[in-house]
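Here's the letter readout for the chains.
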Amino acid sequence: ETGVTQSPTHLIKTRGQQVTLRCSSQSGHNTVSWYQQALGQGPQFIFQYYREEENGRGNFPPRFSGLQFPNYSSELNVNALELDDSALYLCASSFGTSGSGEQFFGPGTRLTVL
Amino acid sequence: AQKVTQAQTEISVVEKEDVTLDCVYETRDTTYYLFWYKQPPSGELVFLIRRNSFDEQNEISGRYSWNFQKSTSSFNFTITASQVVDSAVYFCALSEAPATSGGYNKLIFGAGTRLAVHP
């Protein structure tokens, strides 16, 4: 069983640029959630994709957008990068949208915005 | 509003000591789920346990045990006979039923407790 994978591992961008982060969900999972974890803080929910549709969103501006593909892999896109976007971005996959379902996390992508 | 509080920012113990990590949550829902995750230096969040709001039985898994008390809205985590490999940041998280959250399941995390176990 393949776990959740994310790419790239690290990324350095400058303010104003755009970035795309990628996530492959665990085999058998159809739901992908994205979280932003600033240094020294707990992860914050960005949004969730279920069956290729965004079905929930946290308190993040529209310049954070995403996609989910037919194979349930997902992308997180961030436009007009700001310094505060520097963080660890975590992808989590699960089956369905039940609150009881455990979410399996990938290793994360560390984004640095200069 | 939903909230998870982990008041202990950092804990330092010597190997073989027992240590308890505190977690207090807030929710108005009657159906909810509580989780503990471990985050080693590699960054990946590792699932440890899930508890639903209707099951207040304590749970023990090897050196790990969890104490869930709805009366005090707490879900504390104890490591017995700690080991250096237990050094990590531990997160407590809350998830509500999709009917309450709007059809999706998001995890609400506390700020985490950094545990350092010294030889």
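A.B. asks: Sorry if this is basic, but what is going on with the overall build of chain B here?
C.D. replies: Across its full length, chain B carries one helix and twelve strands. Beginning at the N terminus, the succession of helices and strands in chain B can be written as β-β-β-β-β-β-β-β-β-β-α-β-β. For chain B, the C-alpha radius of gyration of 14 Å lies close to 14 Å, the compact-globule estimate for 119 residues. The principal-axis extent of the C-alpha atoms belonging to chain B is close to 45 × 30 × 20 Å. Of the roughly 5,700 Å² of accessible surface on chain B, a fraction of 48% belongs to carbon and sulfur atoms.

A.B. asks: Could you clarify how one ought to interpret the side chain of Glu75(A) in this entry?
C.D. replies: Along the chain, the position of Glu75(A) falls in strand S8 (residues 74-78). Those residues in contact with Glu75(A), other than ones at most four positions away along the chain, are Thr20(A), Leu21(A), Arg22(A), Trp34(A), Ser65(A), Gly66(A), Leu67(A) and Phe69(A).

A.B. asks: What is the right way to look at the state of the cysteines in this model?
C.D. replies: Disulfides are covalent bonds that connect the sulfur atoms of two cysteines. Counting across every chain of the model gives two disulfides over all chains. Each sulfur in the disulfide pair Cys23(A) and Cys91(A) lies 1.7 Å from the other. Here Cys23(A) and Cys91(A) share a disulfide; its torsion about the S-S bond, -55°, makes the bridge left-handed. Pair noted here: Cys23(A) is in strand S3 (residues 19-24) and Cys91(A) is in strand S9 (residues 87-94), with a separation of 68 residues, a long-range link. Cys23(A) sits in the buried class, given a relative accessible area of 2%. A relative accessible area of 0% means that Cys91(A) is categorised as buried. The disulfide bridge from Cys23(B) ends at Cys92(B), spanning 2.0 Å between sulfur atoms. Between Cys23(B) and Cys92(B), the S-S dihedral sits near -65°, and the bridge is therefore left-handed. Note that Cys23(B) is positioned in the loop between strand S3 (19-21) and strand S4 (24-26) and Cys92(B) in strand S10 (residues 88-96), a separation of 69 residues in sequence. Judged by its relative accessible area of 0%, Cys23(B) falls in the buried class.

A.B. asks: Help me out: how do you make sense of the nonpolar core in this one?
C.D. replies: Soluble globular proteins tend to bury their nonpolar side chains together. Core analysis: the biggest nonpolar cluster contains 25 residues, and Trp36(B), Trp66(B), Phe75(B), Phe77(B), Tyr90(B) and Leu115(B) have the highest contact counts within it. Counting residues per element, the ones that place at least two in this core are strand S2 (10-14), S3, strand S5 (32-39), strand S6 (46-52), strand S8 (64-69), strand S9 (74-79), S10 and strand S12 (113-118) of chain B. Here this core gets four residues from one element, more than from any other, and that element is S10(B). Discounting residues that sit within four places of it in the chain, Phe75(B) has contacts with Cys23(B), Leu34(B), Phe35(B), Trp36(B), Ile49(B), Arg51(B), Trp66(B), Asn67(B), Phe68(B) and Cys92(B). With 20 residues, the next largest nonpolar core counts Val4(A), Leu11(A), Ile46(A) and Val78(A) among its residues.

A.B. asks: Even after reading the chapter, I still don't get the side chain of Lys38(B), so can you show me in this structure?
C.D. replies: Residues and elements named next belong to chain B. Counting through the fold element by element, Lys-38 comes out in strand S5. This buried residue, Lys-38, is left without a salt bridge; Asp-86 holds the nearest opposite charge, at 4.6 Å. Only 3.1 Å separates the side chain of Lys-38 from the backbone oxygen of Val-85, close enough to count as a polar contact. Those residues within four positions of Lys-38 in sequence are excluded, and the remaining contacts are Glu-44, Leu-45, Val-46, Leu-48, Tyr-64, Val-85, Asp-86, Ala-88, Val-89 and Tyr-90.

A.B. asks: What am I meant to see in the interface of chain A and chain B here?
C.D. replies: For interface size, the figure often reported is the accessible area lost on association. Taken together, the contact between chain A and chain B spans 26 residues of the former and 23 residues of the latter. For the pair chain A and chain B, the summed buried area comes to about 1,800 Å², and 51% of that belongs to carbon and sulfur atoms. Along the contact surface separating chain A from chain B lie one salt bridge. For Arg50(B), the salt bridge goes to Glu102(A), with nearest N and O atoms at 3.5 Å. Classifying every residue of the side of chain A that touches chain B gives seven nonpolar, 17 polar and two charged.

A.B. asks: When you look at unusual backbone geometry in this model, what are you seeing that I'm missing?
C.D. replies: For residues that are not glycine, phi is negative in most cases, and the peptide bond is trans in most cases. All names here are of chain A. Residue Pro-8 is bonded to the preceding Ser-7 through a cis peptide linkage, with omega at -10°. Assignment of secondary structure puts Pro-8 in the loop between strand S1 (5-7) and strand S2 (10-13). Residue Ala-80 is not a glycine yet carries a positive backbone phi of 50°.

Calculation criteria
Residues numbered from 1 in each chain as written. Chains lettered and ligands numbered in written order. Predicted model: local features only at pLDDT ≥ 70, side-chain atom pairs only at ≥ 80, totals over all residues. Heavy atoms only, no water. Helix = DSSP H or I, 4+ residues; strand = E, 2+ residues; numbered from the N terminus. Rg over C-alpha atoms; globule rule 2.2 N^0.38 Å. Areas by Shrake-Rupley, 256 points an atom, 1.4 Å probe, with all protein chains shown as cover. Contact = heavy atoms within 4.5 Å. Disulfide = S-S within 2.5 Å. Buried < 20%, exposed > 50% of the residue type's maximum accessible area, 1.4 Å probe, protein only. Core = buried A, V, L, I, M, F, W, Y, C linked by side-chain atoms within 4.5 Å. Lys, Arg positive; Asp, Glu negative; His and termini not counted. Salt bridge = Lys/Arg side-chain N within 4 Å of Asp/Glu carboxyl O. Polar contact = N/O pair within 3.5 Å; in protein donor to acceptor, adjacent residues only side chain to side chain. Buried area = accessible area lost by both parts, 1.4 Å probe. Nonpolar A, V, L, I, M, F, W, Y, C, P; charged D, E, K, R; others polar.

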